[in-house]
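# Per-entry structural report
This is what each chain is made of:
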Amino acid sequence: MSSSTVITNIAALVTNDPSLGDHSPLGLVRDAAVAVEGDRVVWTGESSKAPATDNRVDAGGRAVLPGFVDSHSHLLFGGDRTEEFNARMSGRPYSAGGIRTTVAATRAASDAELEAGLVRYLAEALRQGTTTFETKSGYGLTTADESRALRVAARHTDEVTFLGAHIVAPELADDPAAYVGLVTGEMLDACAPHARWIDVFCEQGAFDGDQAHAILTAGKARGLHPRIHANQLSQGPGVRLAVELDAASADHCTHLTDADVDALANSRTVATLLPGAEFSTRAPWPDARRLLDAGATVALSTDCNPGSSFTSSVPFCIALAVRDMGMTPDEAVWSATAGGAAALRRDDVGRLTPGAYADLTLLDAPSHVHLAYRPGVPLVAGVWRRGVRVH
């Protein structure tokens, strides 16, 4: 029989249920408590009305919010790209070609080395409040290397994405049609059993709209649901393709036309913004305000990868989104929790309401606003994942 715990004396509890508390999208409850039984939330409300449980935890007048849902990361890789970053910060622009450096290092890495890196970055993210994460393949670009990356990832998360279409494999650079055939054929056959999602980098220097359509359609036929790297470096067909195929998310969304914004606002496809990439490449910031005002659903994620966004910190991305992308602190926190859950088509994470997983982050601060108000400060004082305190 599972034990029950109530966390009381919470100054501000973010539930992401608008029917609770202040009836905002955050469903903010003041002087709150949350009760957990097993791995699920069973009650949230005012602290004075908290139910009797086996255990009690005093939050000490601090804030509690759902664990962050990081819906876009690339954590299966070998080596790093310190030298590339250093050069780029000295004036060389980022291009998709930099991925080839990591491909070579990943192919040379053992399974144990890949898994050790994944575990390290997941632990790093967990200490910063991330309790649900998606991660992708995409640095192997051979059938064997892509499938082994997915097998490793699947031991640590259910949110695994096949990204064989990251770039054209170097050995087929002169024959992209042959590589698309490999990705939609033999490679997909080997990778589909280990993944939930299929992704493609739809961008100049990677895959065009027709190639991306073929890849995502093939994935759907094998039971994988689409997500897409869209409109990161330039305007293009990625966002419109995402909406056409009912992709769970269009990720980056940095260069959008009015038609792109309207398409997202009138669809289930989430616009996932990745400010770490703009920070690390000195690229223009995505305009979150434009998307939100149009009615699009927005998620915030880290894009943790060794080339263009080597951060695992969702709080850092929240601060960037508020400072440079036009989001309010409330919107940024919602997008990093409930928004990330929407980008994964999940309703059991990203919120603290009965039935959801008991994934909670305790801040050493009285309000979630401090995530943007005190950037760079390690505010995460406690993390519960599936009802178990892990930090």
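Look up: the structure comes first, before these words.
A brief report on the enclosed structure follows. (Residues numbered from 1 in each chain as written. Predicted model: local features only at pLDDT ≥ 70, side-chain atom pairs only at ≥ 80, totals over all residues. Heavy atoms only, no water.)

## Let's talk about the layout of surface pockets
- When its volume is computed, the largest pocket comes out at roughly 210 Å³.
- Along the walls of the largest pocket sit 16 residues, with Leu122, Leu126, Thr130, Phe133 and Arg385 positioned nearest its centre.
- Secondary structure elements with two or more residues in the lining of the largest pocket: helix 3 (111-127) and strand 6 (130-133).
- In terms of residues, the lining of the largest pocket owes the most to one element, helix 3, which gives four residues.
- Each residue belonging to the lining of the largest pocket can be placed in one class, and the counts come to eight nonpolar, six polar and two charged. (1 Å grid on protein atoms, 1.4 Å probe; cavity = no way out; pocket = protein on both sides within 12 Å on 5 of 7 lines; lining within 4 Å. Points joined across faces, edges and corners; volume = space filled by probe spheres on them. Helix = DSSP H or I, 4+ residues; strand = E, 2+ residues; numbered from the N terminus. Nonpolar A, V, L, I, M, F, W, Y, C, P; charged D, E, K, R; others polar.)

## Describing the nonpolar core
- Ranked by size, the top nonpolar core spans 83 residues in total, and within it Phe162, Phe207, Ile228, Leu264, Leu291, Leu300 and Ile318 carry the most contacts.
- Excluding its chain neighbours within four sequence positions, the residues that come into contact with isoleucine 318 are Phe68, Leu300, Ala332, Val333, Ala336 and Leu371.
- If you look at the next biggest cluster of nonpolar residues, it comprises 15 residues, including Leu13, Val64, Ala358 and Trp384. (Core = buried A, V, L, I, M, F, W, Y, C linked by side-chain atoms within 4.5 Å. Buried < 20%, exposed > 50% of the residue type's maximum accessible area, 1.4 Å probe, protein only. Contact = heavy atoms within 4.5 Å.)

## A word on the pattern of salt bridges
- The final tally for this structure, using the stated rule, is 22 salt bridges.
- The residue glutamate 84 makes a salt bridge to arginine 81 at a minimum N-O spacing of 2.8 Å. Per residue, the accessibility class of glutamate 84 equals that of arginine 81, and both read buried.
- Here arginine 345 ties to aspartate 246 by a salt bridge, and the two come within 3.1 Å at their closest N and O atoms. One end of the pair, arginine 345, is in the loop between helix 13 (329-343) and strand 15 (360-363); the other, aspartate 246, is in the loop between helix 8 (238-244) and strand 12 (249-252), and 99 residues separate them in sequence.
- Judged by its relative accessible area of 25%, arginine 345 falls in the partly exposed class. (Salt bridge = Lys/Arg side-chain N within 4 Å of Asp/Glu carboxyl O.)

## Things to note about the side chain of asparagine 305
- You can see asparagine 305 is positioned in the loop between strand 14 (298-300) and helix 12 (314-324).
- Exposure remark for asparagine 305: the relative accessible area of 4% places this residue in the buried category.
- For asparagine 305, the side chain forms a polar contact with the main-chain nitrogen of glycine 307, separated by 2.8 Å.
- Leave out the neighbours within four places in its chain, and asparagine 305 touches His74, Tyr139 and Phe310. (Polar contact = N/O pair within 3.5 Å; in protein donor to acceptor, adjacent residues only side chain to side chain.)

## Here's the deal with the side chain of serine 147
- Secondary-structure assignment places serine 147 in helix 4 (residues 143-154).
- Residue serine 147 is classed as buried on the basis of its relative accessible area, which comes to 6%.
- When residues no more than four places from it in sequence are discounted, the contact partners of serine 147 are Ala190, Cys191 and His194.

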